[in-house]
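Chain by chain, the residues run as shown.
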Protein chains: 2
Amino acid sequence: MRFGYFDDARREYVITEPRTPLPWINYLGSDSFFTLLSNTAGGYSFYRDARLRRLTRYRYNNCPLDSEGFHIYIKDGESVWNPGWQPTQTALDAYTCRHGLGYTVLEGAKDGVAARQEFFVPKGDDCLLMRLTLRNESAAAKALQVFPYVEFCLWDALDDSSNFQRNYSTGEVEVVGPAIYHKTEYRERRDHYAVFWANRPADGFDTERERFIGVYGSPAMPEAVKNGACTGSVAHGWQPVAAEQFDLVLAPGESTSLILGLGYIENPAAEKWAAPGVVNKARAEAMMARYADDRQFDAALDALSAFWDALLGRYQVRSGDEKLDRMVNIWNQYQCMVTFNMSRSASYFESGMGRGMGFRDSCQDLLGFVHMIPERARERILDIAATQFPDGSAYHQYQPLTKKGNADIGSGFNDDPLWLIAGVDAYLRETGDWGILEETVDFNNDPALAQSLLEHLRRSFRFTETHLGPHGLPLIGRADWNDCLNLNCFSEHPGESFQISGPSEGPVAESVFIGGMFVKYGRAWAGILRHVGREDEAAAAEIAHHLRPGSDVHPPHFREHLPTDHHGLLEQLH
Amino acid sequence: MRFGYFDDARREYVITEPRTPLPWINYLGSDSFFTLLSNTAGGYSFYRDARLRRLTRYRYNNCPLDSEGFHIYIKDGESVWNPGWQPTQTALDAYTCRHGLGYTVLEGAKDGVAARQEFFVPKGDDCLLMRLTLRNESAAAKALQVFPYVEFCLWDALDDSSNFQRNYSTGEVEVVGPAIYHKTEYRERRDHYAVFWANRPADGFDTERERFIGVYGSPAMPEAVKNGACTGSVAHGWQPVAAEQFDLVLAPGESTSLILGLGYIENPAAEKWAAPGVVNKARAEAMMARYADDRQFDAALDALSAFWDALLGRYQVRSGDEKLDRMVNIWNQYQCMVTFNMSRSASYFESGMGRGMGFRDSCQDLLGFVHMIPERARERILDIAATQFPDGSAYHQYQPLTKKGNADIGSGFNDDPLWLIAGVDAYLRETGDWGILEETVDFNNDPALAQSLLEHLRRSFRFTETHLGPHGLPLIGRADWNDCLNLNCFSEHPGESFQISGPSEGPVAESVFIGGMFVKYGRAWAGILRHVGREDEAAAAEIAHHLRPGSDVHPPHFREHLPTDHHGLLEQLH
């Protein structure tokens, strides 16, 4: 392999060359705090929602790319380098990146100094933990300076990247020892702040980007690093950052560690202030105390490892095929968990600002993780179903922070309703938790419209049943599974999207794909009805749409309009 | 002066140090094609609308800042530098930037090579012209390579900077000799394209950013420049750019020039194609032919100079105070014209994506430029008035490309209606063009609702008259002139804007400022009515609101609720 290899024993992917074709990232976090982290320590952190609660800035489509992240500069005389190569791009004597299950380890070495930078989000706390371990492998004492650096985002990533005339005037921080608190808008209307901290006293800090990097400077070589001295700047507006300076001397063979953290804290309204204008830091201080030394750090990493052991231990195969085992036992399940956490709302191509979580996506994704986390799959089902409309259609997307449907994109994707049946059916078959069908769930996020989940499924089925085109096949609406197949929308004007433009819910265009779904998930729906004792309704559903098991009769006109080369698919569905 | 000085004879501001405290920019263009250009050749171009029709990318709040623009790399052996210092930041032997009236000239010199880069937008064509003049001032022949570079924006600047999963798949270009055509979405739904061209054959080109800059490369040192060879890449998706390579040899004392252009072309629907899939380039070719040599370039620059002579010649003072004359005769008027052109919709702090043009701003700005361009002030008035609602209120902002009110920000800024009277009154007093009052103008951009401009002013006046609070003072709505004074909006939730949140049009909060406006522009309204022979209505307006000239009676309760220290202001208004 040119860029890396799988280490199955450690369940890691090991990257041996920092110049991968594009940044290769890991997703850290499994509850509410998440970090996208590249193989060169680029990336960003957010709390629950990559758009609405972004902790650090990331510039998509930047040039140079992947310049923002969780970088540590090491100054060794005139030489400045990073353990992960970026952003100085100083050539390293050795480089390895290990993307593991919920953690990443970067190892870089230069001129007799070995640096190891570990990253993970601990279970039970909303923070990213980082530990730098430095070892002097040379024969002489080394005087080193270490500068960790992050750039804060002013919470709403879209606003942060567009509303400069406002945002350049709002940034606020507090500095208390080696803890830098980012508290923009906390005074006005927020109950949350971020904190970047270290577990030992700093020899300097900066919180104004301009002072640390330089007005015309670059993350590739911050002025403060070049000068070997932070300036002690305290940001008021402009671009608040957290940069710290640690001056170290290592004897030959000596090692030392530095634990760093980036945390997110919410305070109840009544507990916002320690004194007028001074943030109540009690929760942050308690968090910092939980990761103050290597023993605590290692214990938290062990707990994360145990969490993944348990998750992946629920389903393991030994096929005799190394590659099959690797994918089934480690990476597919890991990917499914990442998909559960993010639902595709943030990646290095999806900026996290544009979409939230998809109705269709989230229903489908359930099939991949329901066996690992059935209780969270249950919660997800109820969240998704609450964005359904009373007629069975649904918001195509919803925001993870608010769990509200996204009105910008709206509804009209006619495959969406049937995916809810697909997801619930998978959940029921895995868990046997039939009680979920009796849960009361909002329609359109409105408690006044709430009905049982069973009724939601009924509306899903009926939506398709009552939205058929001239050949008796389901109307496609804005799209079936393929968003690009919007047969009703012919956008002609610049800027129109294929998803949201034009008369997108026409009376004619039909979807063979939704027809297939209707056969498959209509049968699932009939099975659910039988199980809960609604034999008559189940039979009616089957008869009305010729779904009786074993029947070779398809929905009206189904076969005659299907392209000949799809008949095999149809048989498979039956 | 540390960074520069005024050159009054040439009507230029001369910058002598590239590291200004922040980029110092000029605004090029006076009709429909505009370029923001910094003193180091950073910036971007757009056609009419900085959001909807952006030609080149610019990354606001980037680090390093101001990295995108219209840079030319000069490779002289192993040395690579730019005439304007950025983005290589290679130290220059000499540097000057001259920001003039509609043009900018950068001069840089290094190792015996003098480079002069001129920029302007010619009258009558939608393009930015650039000319590089190189002179070998050394005693030996010089083999030089020259690489101009721009990065295309995929038209909608907001979408371009957020919707990557789509935009990375859509970029398209054509390359014909030294002309690079950017035609993304032209096939689907656009009737316009951009072209970057040179007036001599190129020795190489690139249109994929990744190939020119390098995957992990930086504009500070593009890989193709370092290697001394473009790669001939043709972009399909990802990031389309225009980079060209010119290999030159200059004898001692020899000079040469290279004319470059960035143009915007629209084709009628029936004339889009020269052949299937091949853009009809006739209009671009005609444009390029108009600036193919130095004589044509100089003539266009002279025409621009004559245009500014005429504009500024309409009003000149000789006060004996150099600084007063300088500001009145040159820079204030220049600034007013820039404000006419952009209406504050794009700067280095306003990204051009967020607001369009302001109703209030544009009405106010009229006062500054009406004497220079009365015929365009007339057009602006009619455009603005068409975004007024039938009740006299107005969209607070509108998009310059569509001239439609911006529904995102909406209405409710209660000073807006009176500003229309202010602008029209200034226009009438300057021009005597009373016929404008009879122009038929839409309400809410709806021709079915059109009325005379006089009727628009009447609705403006009546809006204030009928929106009074408990003290008889005008209701403030969302704001008076001070947008931050939104007395009805107490946003408590993260992300809420002071402009658009909450119950922002309450029944109680009043504005002394709008009261003052009502006195001043109510009198102007009465004067207009008298002039058009509506004596009774004028008298009624004056009586109803005690606006009769010379009267010391103010609108009901006005004085008693005014803070004492504002009484002087009140007298001034009278």
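Predicted model, so just to flag it, every value in this text is computed and none were measured. (Residues numbered from 1 in each chain as written. Chains lettered and ligands numbered in written order. Predicted model: local features only at pLDDT ≥ 70, side-chain atom pairs only at ≥ 80, totals over all residues. Heavy atoms only, no water.)

Caption draft 1: Summary view of the interface of chain A and chain B. Facing 51 residues of chain A, the contacting portion of chain B comprises 51 residues. Summing both sides of the interface, chain A and chain B together bury roughly 4200 Å²; the carbon and sulfur share of this comes to 54%. Remark: the boundary between chain A and chain B carries 0 salt bridges. Elements with a contribution of two residues or more to the side of chain A that touches chain B: helix H2 (164-167) and helix H3 (209-213) of chain A. When residues of the side of chain A that touches chain B are assigned to their parent elements, the largest contribution, 3 residues, is made by H2 of chain A. Of the residues that constitute the side of chain A that touches chain B, the class distribution is 21 nonpolar, 16 polar and 14 charged. (Contact = heavy atoms within 4.5 Å. Buried area = accessible area lost by both parts, 1.4 Å probe. Salt bridge = Lys/Arg side-chain N within 4 Å of Asp/Glu carboxyl O. Helix = DSSP H or I, 4+ residues; strand = E, 2+ residues; numbered from the N terminus. Nonpolar A, V, L, I, M, F, W, Y, C, P; charged D, E, K, R; others polar.)

Caption draft 2: View of unusual backbone geometry. A cis geometry characterises the amide bond from Gln86 of chain A onward to Pro87 of chain A, with omega recorded as -5°. Structurally, Pro87 of chain A can be placed in the loop between strand S8 (79-81) and strand S9 (94-99). Geometrically, the link from Cys63 of chain B to Pro64 of chain B is a cis peptide bond, its omega value of 10° lying close to zero. Along the chain, the position of Pro64 of chain B falls in the loop between strand S6 (54-56) and strand S7 (71-76). Unusually for a residue other than glycine, Glu185 of chain A sits at a positive phi of about 70°. Tracing the chain through its elements places Glu185 of chain A in the loop between strand S15 (179-182) and strand S16 (192-198). A positive phi angle, near 55°, is found at Arg11 of chain B, a position not held by glycine.

Caption draft 3: Structural detail: helix H7 (residues 322-342) of chain A. Residues and elements named next belong to chain A. With 21 residues, H7 ought to run about 30 Å at 1.5 Å a step, and its terminal C-alpha atoms sit 29 Å apart, in line with that. At Val328, H7 shows its largest bend, some 40°. If you check the start of H7, you find a side-chain oxygen 2.8 Å away from the backbone N of Lys323, and it comes from Asp321. Immediately downstream of H7, the backbone of Ser343 shows phi near 45°, a positive value. (Expected span 1.5 Å × (residues − 1). Bend = angle between axes of the 7 residues up to and from the residue. Polar contact = N/O pair within 3.5 Å; in protein donor to acceptor, adjacent residues only side chain to side chain.)

Caption draft 4: Just the packing of helix H9 (residues 374-385) of chain A against helix H10 (residues 416-431) of chain A, in detail. Residues and elements named next belong to chain A. Axis separation between H9 and H10 bottoms out at 11 Å; the angle between their running directions is 155°. One way to sum up the angle between H9 and H10 is to call them roughly antiparallel. For H9 against H10, the interelement crossing comes out left-handed. Of H10, the residues touching H9 (which contributes Pro374, Ala377, Arg378, Ile381, Ile384 and Ala385) are Leu420, Gly423, Val424, Tyr427 and Thr431. Here the contact of H9 with H10 is built from residues that sort into 8 nonpolar, 2 polar and 1 charged. (Axes fitted to C-alpha atoms, helices over the stretch in contact; angles between N-to-C directions. Parallel < 35°, antiparallel > 145°, perpendicular 65-115°, else oblique. Left-handed = near helix turned anticlockwise from the far one by under 90°.)

Caption draft 5: Up close: the domain arrangement of chain A. All names here are of chain A. We note that the domain assignment places domain 1 (4-310) and domain 2 (344-467) within chain A. Taken residue by residue, the interface counts 25 residues in domain 1 and 13 residues in domain 2. Together, the buried faces of domain 1 and domain 2 total about 1500 Å²; carbon and sulfur atoms form 62% of this surface. Counting across the domain 1 and domain 2 interface gives 1 salt bridge. One salt bridge connects Asp31 with Arg376, and the closest N-O pair in it is separated by 3.6 Å. Joining domain 1 to domain 2, the criterion identifies 10 residue pairs in polar contact (both at pLDDT 80 or more). Where the side of domain 1 that touches domain 2 is concerned, the elements lending two or more residues are strand S3 (25-28), strand S4 (33-38), strand S5 (43-47) and helix H1 (157-160). Among the elements that take part in the side of domain 1 that touches domain 2, S5 stands out by supplying 3 residues, more than any other. For the side of domain 1 that touches domain 2, the class distribution of residues is 13 nonpolar, 5 polar and 7 charged. (Domains from an automatic or database assignment.)

Caption draft 6: Summary view of the relation of the copies chain A and chain B. The transformation that overlays chain A on chain B combines an axial shift of 0.1 Å with a rotation of 180°, and the residual RMSD is 0.1 Å. Taken together, the rotation and translation relating the two chain copies correspond to the operation of a two-fold axis. Interface overlap between copies: 100% of the residues of chain A at the interface are likewise at the interface in chain B, consistent with a symmetric, same-surface contact. (Least-squares fit on C-alpha atoms with pLDDT ≥ 70 in both.)

Caption draft 7: Expanded view of the pairing of S16 of chain A. All names here are of chain A. Within S16, 7 of the 7 residues are buried, leaving the element largely enclosed by the surrounding structure. With burial as the criterion, each face of S16 is covered, one bearing His192, Ala194, Phe196 and Ala198 and the other bearing Tyr193, Val195 and Trp197. Relative to strand S19 (residues 255-266), S16 runs antiparallel, the two being bridged by 7 bridges. Bridging from a neighbouring strand, His192 pairs with Glu266 of S19. (Buried < 20%, exposed > 50% of the residue type's maximum accessible area, 1.4 Å probe, protein only. Pairing = 2+ DSSP bridges.)

Caption draft 8: Representation of the sheet that holds strand S15 (residues 179-182) of chain B within the structure. All names here are of chain B. One open sheet holds the 10 strands; their spatial order is S1-S2-S9-S10-S11-S12-S19-S16-S15-S14, and the pairing between them is antiparallel. The strands lining the two open edges of the sheet, one partner per strand, are strand S1 (4-7) and strand S14 (173-176). Recorded for the sheet is a direction-independent mean angle of 15° between the axes of neighbouring strands. Across 4 bridges, the pairing between S1 and strand S2 (residues 12-15) is antiparallel. Bridged to Gly4 within S2 is Ile15. The strands touched by helix H5 (residues 282-289) within the sheet are strand S12 (127-136), S15, strand S16 (192-198) and strand S19 (255-266), with S19 carrying the most contacts at an inclination of about 150°.

Caption draft 9: Structural context of the sheet that holds strand S12 (residues 127-136) of chain A. Residue and element names in this part refer to chain A. On the basis of which strands lie adjacent, the open sheet formed by 10 strands has the order S1-S2-S9-S10-S11-S12-S19-S16-S15-S14 and antiparallel pairing. One side of each edge strand has no neighbouring strand; the edge strands of this open sheet are strand S1 (4-7) and strand S14 (173-176). Taken over all neighbouring pairs, the strand axes of this sheet differ in orientation by 15° on average, direction set aside. Sheet analysis places S12 next to S19, joined by 9 bridges and oriented antiparallel. Paired with Cys127 across the bridge in S19 is Gly263. In the packing of helix H5 (residues 282-289) onto the sheet, the strands contacted are S12, S15, S16 and S19, and the crossing angle to S19 comes to about 150°. Against the sheet, H7 touches S1, strand S2 (12-15) and S9, its axis set at about 90° to S1.

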